[in-house]
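# Summary of the model geometry
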Amino acid sequence: MPTPHTARVHAERSTHSPLMRVPEVTAIFWTIKILTTGMGETLSDFLGTHGNELVNGAGIVLVFAAVFVVQFRVRRYVPGVYWTCVAMVSVLGTVVADVVHLVGVPYAVTSVVFLVAVGGILLLWKRDTGSLDVHTITTRTPERYYWATVMATFALGTALGDLTASSLHLGYLASTLVFGVAILIPLVAWRRGADPVIAFWIAYILTRPLGASAADWLADAKHRSGLGFGTGPVTAVWLAAIIALVGYLAARQRSASTPT
């Protein structure tokens, strides 16, 4: 789902601007985004049941910090670096959401809190930069707001997915179907003239519960409404798909930047 000026952007250029620090919004973008949400969910669950929880948690935080240091040091969008950041947001976001729930905060409450957080960040972003269009992210300030919004949307999406699957007792498959239909709504709205930025961020939020519910359905035991493939195998398959797609994007970027 495009954001403002996407049609103009595609008409005026065939390659990704060397100044942009985030990817263009394409079908591959949405595919990888959904895959990272599911992979992050099952990897977090896998680490929660294998090894020392404290060591695993510290490792996640260290990797998260390291990849973001790299992201803010590179001068342009680098597919491998960017999507590693997204994947680590997914993993850490799942861990944080699980911890918050374990201390007794209901998913309905966290959903409202994170929704307010997303709205607040977007308002500050708009006030300070004048635009929420991802195609204008060529400097550090909008990029910081972008990543803050990404983190908040992951937290909100995690809470929404857990709310439908657990609190509302829909189970993983039903939740996957619900969010699969829901994510079509901003697409249809955008095509009918709705604000592209609003449509983009609504869809972005919904990718989290969609991908996580689908991954949980594949991984979790049958008595928990899953198919029982296990968190390890599902993580490995989804990670392989992410690597393949990101490798394709990196190869295409190199090809586009090579003089002919």
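In case you missed it, the structure is sitting above this.
What counts, and at which threshold
Residues numbered from 1 in each chain as written. Predicted model: local features only at pLDDT ≥ 70, side-chain atom pairs only at ≥ 80, totals over all residues. Heavy atoms only, no water. Helix = DSSP H or I, 4+ residues; strand = E, 2+ residues; numbered from the N terminus. Buried < 20%, exposed > 50% of the residue type's maximum accessible area, 1.4 Å probe, protein only. Salt bridge = Lys/Arg side-chain N within 4 Å of Asp/Glu carboxyl O. Contact = heavy atoms within 4.5 Å.

## Re the environment of valine 113
With respect to the secondary-structure elements, valine 113 resides in helix α5 (residues 107-129). Residue valine 113 is classed as partly exposed on the basis of its relative accessible area of 47%. In sequence terms valine 113 and alanine 159 are 46 residues apart; their C-alpha atoms lie 9.8 Å from each other.

## Notes on the pattern of salt bridges
All chains considered together, the criterion is met by four salt bridges. A salt bridge links arginine 208 to glutamate 41, with the shortest nitrogen-to-oxygen separation between them at 3.2 Å. With arginine 208 in helix α9 (residues 196-219) and glutamate 41 in helix α2 (residues 27-49), this pair connects stretches of sequence that are 167 residues apart. Taken individually, arginine 208 and glutamate 41 each receive the classification buried, so the pair is uniform in this respect.

## Re the side chain of threonine 207
The residue threonine 207 is located in helix α9 in this model. Not counting the four nearest positions on each side in its chain, threonine 207 is found in contact with Trp30, Lys33, Ile34, Thr37 and Ile183.

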